[in-house]
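Below are the chains, spelled out letter by letter.
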Amino acid sequence: MVGPLHYLFLGAALFALGGVGVVLRRNALIVLMSIELMLNAVNLTFLTFSRFPLVKSAPTQAGFLSGHTAVFFVIAVAAAEAAVGLAIVIAVFRSRSSVNVDEFDTLKF
Amino acid sequence: MNFNPSDLQGVLPALILAIGALVLLTSEVFLRASSALASGSGPQGHSERPAGADRRYQAWLAAVFAALGLWAAVAQMGDPAAPLFSGAAVTDGFARVIAAVVCGALVLSCFVSFGYLEALRATRGEYYALALFSASGMCLLGQATDLIVIFISLEVMSLAVYCLSAYLRRGQRPAEAAFKYFVLGSFAAAIFLYGAALAYGATGSTRLADVANAVRLAASGGSPAGTTTLLFAAAALLASGFAFKVAAVPFHMWVPDVYDGAPAPVTGFMAAAVKVAAFATLVRILVGGFGEPSVALGPHGWQKLVVWLSALTMLLGNLLAVPQRSVKRMLAYSSIAHAGYLLVAVAAMAGAQPRADALEGLLFYLAAYGATVIGAFGVVALIERKDALAGAGDDLSSWAGLSERHPGLAAAMTLFMVSLAGIPPTAGFMAKVTVFRAAIAADLVPLAVLGVLTSVAGLYYYLRVVVYVYMVPQTKAEPVAGGHLIAAGIALAGCAALVLWMGIQPDTFARLAQSATTSFAR
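Remember, predicted model here, so these are calculated numbers, not experimental data.

The next point concerns the overall build of chain B. Secondary structure summary: chain B contains 21 helices and two strands in total. For chain B, the C-alpha atoms occupy an extent of roughly 70 × 50 × 40 Å along the three principal directions. Relative to its full complement of 522 residues, chain B shows a buried share of 64%. Within chain B, contacts between residues separated by at least 24 positions form 80% of all contacts whose residues are at least 6 apart in sequence.

The helix and strand inventory of chain A stands at three helices and zero strands. Going residue by residue from the N terminus, the α and β elements of chain A occur as α-α-α. Taking 109 residues into account, the globule formula puts the C-alpha radius of gyration at 13 Å, and chain A, at 18 Å, lies well above it. Dimensions of chain A, computed from the C-alpha atoms along their principal axes, are close to 55 × 30 × 25 Å. Counting the 109 residues in chain A, one finds 32% classified as buried. Sequence separation of 24 or more characterises 56% of the internal contacts of chain A that already satisfy a separation of 6 or more.

Our focus in this paragraph is unusual backbone geometry. Residue and element names in this part refer to chain B. Between Pro424 and Pro425 the backbone carries a cis peptide bond, its omega angle lying at 5 degrees. Locating Pro425 in the fold gives a position in the loop between α17 (407-421) and α18 (427-441). Although it is not a glycine, Ser86 adopts a positive phi angle of roughly 45 degrees. Within the chain, Asp443 stands out as a residue other than glycine whose phi angle is a positive 65 degrees. Following the sequence through the fold, Asp443 ends up in the loop between α18 and α19 (445-470).

A word on the packing of α17 of chain B against helix α20 (residues 485-504) of chain B. All names here are of chain B. With their axes 10 Å apart at the nearest point, α17 and α20 run at an angle of 40 degrees to one another. Taken together, the axes of α17 and α20 are oblique relative to one another. Crossing of α17 over α20 shows left-handed handedness. For the pair α17 and α20, the contacting residues are Ala412, Leu415, Phe416 and Ser419 in the first and Leu492, Ala496 and Val499 in the second. Taken together, the residues of the contact of α17 with α20 sort by class into six nonpolar, one polar and no charged.

Further remarks concern the interface of chain B and chain A. Of the residues lining the interface, 43 residues belong to chain B; the matching set on chain A comes to 40 residues. Residue assignment for the side of chain B that touches chain A shows that the elements contributing at least two residues are α6 (147-165), α7 (172-203) and α10 (254-261) of chain B. Sort the elements by how many residues they give to the side of chain B that touches chain A and α7 of chain B lands first, with 19 residues.

Okay, the packing of helix α8 (residues 208-219) of chain B against helix α11 (residues 264-289) of chain B next. Residues and elements named next belong to chain B. Relative to each other, α8 and α11 sit at 40 degrees, their axes nearing to 8 Å. What the angle tells us is that α8 and α11 run oblique. Together, Leu208, Val211 and Ala212 of α8 and Arg284, Ile285, Gly288 and Gly289 of α11 make up the contact between the two elements.

To continue, consider α18 of chain B. Residues and elements named next belong to chain B. Helix length check: α18 (15 residues) gives 21 Å between terminal C-alpha atoms against 21 Å at 1.5 Å per residue, within 8%. For α18, the buried fraction is high: 11 of the 15 residues fall into the buried class. For α18, the complete set of buried residues consists of Ala427, Gly428, Phe429, Met430, Ala431, Lys432, Thr434, Val435, Phe436, Ala438 and Ala439. For α18, the secondary structure elements touched by its buried residues are α14 (327-348), α15 (355-384), α17, α19, α20 and α21 (506-516).

What follows is about the environment of Ile88 of chain A. Its location among the elements puts Ile88 of chain A in helix α3 (residues 65-96). The exposure class of Ile88 of chain A is buried, given the 27 C-beta atoms found within 10 Å. When near neighbours in sequence (up to four residues on either side) are disregarded, Ile88 of chain A contacts Tyr162, Ala166, Ala175, Ala178, Phe179 and Phe182 of chain B.

It is worth spelling out the environment of Pro446 of chain B at this point. Checked against the element boundaries, Pro446 of chain B lands in helix α19. Distance from Pro446 of chain B to Ala497 of chain B, taken between C-alpha atoms, is 34 Å for residues 51 residues apart in sequence.

A low pLDDT score tells you not to read the predicted coordinates there in detail. Model confidence for chain A is summarised by a mean pLDDT of 87, while 96% of its residues fall at 70 or above. The secondary structure element of chain A with the lowest average pLDDT is α3 of chain A, at 91, and the one with the highest is helix α2 (residues 28-51) of chain A, at 93.

Residues and elements named next belong to chain B. Structurally, Pro263 is set in the loop between α10 and α11. Given 29 C-beta atoms within 10 Å, Pro263 falls into the buried group. Along the chain, Pro263 and Leu117 lie 146 residues apart, while their C-alpha atoms are 9.6 Å from each other.

Conventions and cut-offs
- Residues numbered from 1 in each chain as written.
- Chains lettered and ligands numbered in written order.
- Predicted model: local features only at pLDDT ≥ 70, side-chain atom pairs only at ≥ 80, totals over all residues.
- Helix = DSSP H or I, 4+ residues; strand = E, 2+ residues; numbered from the N terminus.
- Buried ≥ 20, exposed ≤ 12 C-beta atoms within 10 Å, placed from the backbone.
- Contact = placed C-beta atoms within 7 Å.
- Rg over C-alpha atoms; globule rule 2.2 N^0.38 Å.
- Axes fitted to C-alpha atoms, helices over the stretch in contact; angles between N-to-C directions.
- Parallel < 35°, antiparallel > 145°, perpendicular 65-115°, else oblique.
- Left-handed = near helix turned anticlockwise from the far one by under 90°.
- Nonpolar A, V, L, I, M, F, W, Y, C, P; charged D, E, K, R; others polar.
- Expected span 1.5 Å × (residues − 1).
- pLDDT = per-residue confidence, 0-100.

In structure tokens, the structure reads:
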């Protein structure tokens, strides 16, 4: 039987995978994808808590639907973020013909 | 959810700034290129793009809208606090002071940017529109009391600032800085959002007021099983998301690169305004959401965490600034160090008693630091102009002998350095005094002592700039930034006047800050 905990752990695992991807992957595009993965893990968590609430009644008027609205906002913002992120990656690529994160070393300590 | 149109008046500053951005974007449509040839031929050398139409009006228009936003924030200053949009946002003294500081920073930044962009022939339509959009996000961040609204305002602010830091996109350095900023900023936003999801799970709502109720319930031991743990995890994730934004020490790695690579006027705006908005939200979340004193001061409370963050930030920020040769990078580390002093004020807010004093100190410090740092980066912008696109960083040697070439600039830079170091009679001194006084009132004496000691260490690298400006003879003949000095002059004079005014007559601004302290009183 699949219960809320399964979804929560899946969400946590996806979030961790995304975080590890941001830190370890060397391709700028895959770094962007990892960030998307993190945001979608958050969406899954929101929806799980909305579908299987821990508290008896939601304090707001919208009830547990507010979790669903949160997800819509996150999806919209993630799309805007991807647009800006890709534009920046293109700007980087044009200035140095590479999207390898290891080569982004003009600015150093 | 019922929508009340009169609520829009409560978000007036943000509304004015957003409308201003739209007006600027729309005005682009009606511009006619002065010569068709100019836009056809590719750019030569370092100029971003041949200046087709005359876009100089945009800086003034943006400054006017920012000033209108400032006026709206100040005009509402005495009004009673009221919730907006059924509790998703609030208009109170705290939010108004934040909006006023952000709009003031934007006015000054517009003047600084004007000369910089004109000299690089890089004035394009989106620059001031992006600045206005980000400022409207910052004003909303000061008002938001719902985790999702905070996330959206945060992204409105951040996405615009990412674009601004990539503004001179042909150069390697700005693009790289923007990429680093974007990745770490989005990473931080995702961490914040995961915290919001956990808080939602523990409370069934994303409103900070409901989170505060749940925290109070958890403190009395009456909450459902598991939710207390979720709340602690949520607090940690929400706080670390914003620790990235305020550049507290384990989360500070992006700051030097981004501040160094972004165009200097943008860096000044980021250092002043983004910091204001990020600290405003941190206070809203920690004090407004998790501020129950018995929880905040408890063995697992956030005060301990913030104390450690602030101690580390003050130490490392000041120590790492010492070896920097680039003034921009030095100012970046100094911005980290100042985040540490501001965190002292946040730590002092954990208890109910010193909360009002600490809040006043925090707001005063934010305003003082904002005025000083915009001025400092304004001078850097004048020095940097030539090298901005070529890919070379600035070096202390290009500051040598500045006092002979431009005595006014030299005096202004000295004033800003003295204020950053915290020497009277400047704003920086009064700001440090108010913050450390609040820390002592909150029984955080070791933290206050560490703050004083590290600011003494800071004297070395701030005054080194002054030594170069006045005492080191000029080695190579560098004509500094001709033309368009008027706008920059206005901005620098404004910053200098603010720095001196807040240093000599702190009461005037302290009274404004006091009007904000009722927001979190219980």
